[in-house]
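So the chains spell out like this:
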Amino acid sequence: MHLLSSVQMARFVAQGSLRFDGVVPAELNEIAVAALTAGVPHLPYGTPVEQAFPAGSFVRRLIDLPVIAGALHSLVGPGPTVDHHWLHVREPHGGEAQDLHADAIIDVRKEAFDVQLMYYPQEVTLEMGGTLSVPGSHLRRTNESDTGRYQNLRGQTRLVCPAGTVVLLHHGIWHGGRRNDSGRPRYMFKIRFNPTVRQVRLWNTGDLADPAVAAELSTTFPWYENATGRLEILNRVKLWRALTGDDTFDIEYWATRVANEPRRVAIAAS
Amino acid sequence: MTTTVRQQVLVLYLATSALDSPVIGWSSYDGTGRTKPTTGDSDEPPYETGVAALIDGWRLFQAAQLIPPYPGHEHEVSFLKHEFLFERLTPTGG
């Protein structure tokens with residue numbers, strides 16, 4: 001299994017997503033639209049993956065690709081359940097851009113997180129309205145489309161990708177389908193996975209001490225306000241501590257400094 | 001001949017509470033109906049700072065208040081804090 005490295009996990013914690021360009025082979029991409037538009041059976045919320053997508057089915061072949069299976073295992077662990085799935089279609093020269101939103105409702109879990117898989121079976125050009133997403137927005141506590149007033153943020157991602165691209169997203173990421181200004185329909189298949197185990201050290205931790213881990217976790221984004229950007233780093237430190245089980249991890253002393261409340265009483269000078 | 005004006009609204013999100021700090025986010029709404037700005041339609045902001053919008057003729061009509069964080073939630077992150085709303089009144093003919 002192709003597990004993620006610590007550096008990749010840190011990138012996910014900082015950015016709220018991991019992108020795998022063109023990892024799905026052409027033979028699957030070529031049958032994807034037909035397979036997905038024919039309909040993937042509706043599932044009760046919380047169906048185990050093995051029951052949701054039987055062996056040999058199109059979706060199972062997709063998520064069993066070693067790079068995808070390894071990334072999902074690293075993020076949500078073994079035996080996740082399927083929250084729901086949906087085929088999103090942006091019609092040619094039609095539709096409106098979605099308001100910037102996070103899926104479901106405001107989610108205040110401190111350690112656990114869901115992962116959403118977005119699969120693009122065809123090449124997506126800028127005109128086709130690839131998904132808009134905002135790197136580093138996943139730890140913001142906002143409710144669904146209350147962010148709809150934000151049309152554009154510096155450093156946003158307007159997805160342009162080759163066929164067979166998969167993006168894995170933290171459930172909190174701000175995103176939206178863009179208007180399709182091209183003459184071709186644009187397809188995106190989404191699956192939301194829920195963990196069933198504690199999400200601790202589920203990846204290949206051999207590089208945990210690599211300085212690149214802290215460098216990834218320190219990434220800042222052009223849309224961050226100066227002051228709140230510091231809080232973003234603090235919140236990543238908290239999530240990294242939960243994921244690694246290491247409650248001493250810190251960056252730039254942000255978490256340690258504000259937790260320092262000594263209890264030791266100094267002996268008074270005589 | 002009568003001239004009718006319509007309101008165009010520009011929303012700028014700035015890096016700090018200072019009006020001359022850099023633009024980090026932007027939105028616009030066009031009361032003339034001539035354009036239809038929407039989500040994810042541009043990667044480049046219309047102005048580099050809030051003051052640059054003033055210099056170009058936009059009138060500031062609302063600035064976000066500075067509100068202390070709720071006790072116990074000081075480290076949480078949520079909406080953008082430094083939101084400035086501008087308007088421009090544009091003639092639309094009779």
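Residues numbered from 1 in each chain as written. Chains lettered and ligands numbered in written order. Predicted model: local features only at pLDDT ≥ 70, side-chain atom pairs only at ≥ 80, totals over all residues. Heavy atoms only, no water.

Asker: Describe the sheet that holds strand β3 (residues 81-90) of chain A, naming the residues involved and giving the relevant values.
Answerer: Residue and element names in this part refer to chain A. On the basis of which strands lie adjacent, the open sheet formed by six strands has the order β1-β8-β4-β10-β3-β2 and antiparallel pairing. Only two strands of the sheet have a single neighbouring strand rather than two, namely β1 (17-20) and β2 (47-48). In the sheet, strand β4 (residues 115-120) pairs with strand β8 (residues 165-170) via six bridges, with the strands oriented antiparallel. The partner of Tyr 119 across the bridge, within β8, is Val 166. Against the sheet, helix α1 (residues 6-15) makes contact with β1, β4 and β8, and its axis sits at roughly 120° relative to β1, the strand it touches most. Relative to β4, helix α5 (residues 66-76) is tilted by about 160°, and along the sheet it contacts β1, β4, β8 and β10 (186-194). (Pairing = 2+ DSSP bridges. Helix = DSSP H or I, 4+ residues; strand = E, 2+ residues; numbered from the N terminus. Contact = heavy atoms within 4.5 Å. Axes fitted to C-alpha atoms, helices over the stretch in contact; angles between N-to-C directions.)

Asker: Explain α5 of chain A to me, and be specific about the residues and the numbers.
Answerer: All names here are of chain A. α5 sits mainly inside the fold: eight of its eleven residues count as buried. Looking at α5, one finds that the buried residues are Ile 68, Ala 69, Gly 70, Ala 71, Leu 72, Ser 74, Leu 75 and Val 76. The secondary structure elements touched by the buried residues of α5 are α1, β1, α4 (58-63), β4, β8 and β10. Positive backbone phi, approximately 85°, marks Gly 77, located one or two places after α5. (Buried < 20%, exposed > 50% of the residue type's maximum accessible area, 1.4 Å probe, protein only.)

Asker: Which residues make up the interface of chain A and chain B, and what values go with them?
Answerer: Between chain A and chain B, the contact holds 36 residues from the first and 31 residues from the second. Carbon and sulfur atoms make up 46% of the area that chain A and chain B hide from each other, which totals about 3000 Å². Considering only the surface of chain A that becomes buried against chain B, Gln 151, Asn 152 and Arg 154 of chain A emerge as the three largest contributors, covering 25% of it. Connecting chain A to chain B are five salt bridges. With a closest N to O distance of 3.0 Å, Arg 154 of chain A and Glu 48 of chain B form a salt bridge. Our count for the chain A to chain B interface comes out at 27 residue pairs in polar contact (both at pLDDT 80 or more). (Buried area = accessible area lost by both parts, 1.4 Å probe. Salt bridge = Lys/Arg side-chain N within 4 Å of Asp/Glu carboxyl O. Polar contact = N/O pair within 3.5 Å; in protein donor to acceptor, adjacent residues only side chain to side chain.)

Asker: Talk me through the confidence of the model for chain B; I want residue IDs and the actual numbers.
Answerer: Confidence along chain B averages 96 in pLDDT terms, with 98% of residues attaining 70 or more. Per the prediction output, this complex has pTM 0.96; the corresponding ipTM is 0.96. (pLDDT = per-residue confidence, 0-100.)

Asker: Please give an account of the pattern of salt bridges that cites residues and values.
Answerer: Scanning the entire structure with this criterion turns up 17 salt bridges over all chains. Between Glu 76 of chain B and Arg 141 of chain A there is a salt bridge, with the nearest N and O atoms lying 2.9 Å from each other. Of this pair, Glu 76 of chain B sits in the loop between β3 (59-63) and β4 (83-91) while Arg 141 of chain A sits in the loop between β5 (132-133) and β6 (152-153), on two different chains. Looking at Arg 141 of chain A, the relative accessible area reads 22%, which means it is partly exposed. Among the ionic pairs, Arg 158 of chain A bridges to Asp 43 of chain B, the shortest N-O distance being 3.2 Å. Linking Arg 158 of chain A in strand β7 (residues 157-158) with Asp 43 of chain B in the loop between β2 (23-30) and α1 (50-55), this pair reaches from one chain into another. Taking relative accessible area as the criterion, Arg 158 of chain A reaches 17% and is therefore assigned buried. Of the residues examined, Asp 43 of chain B reaches a relative accessible area of 33% and is grouped as partly exposed.

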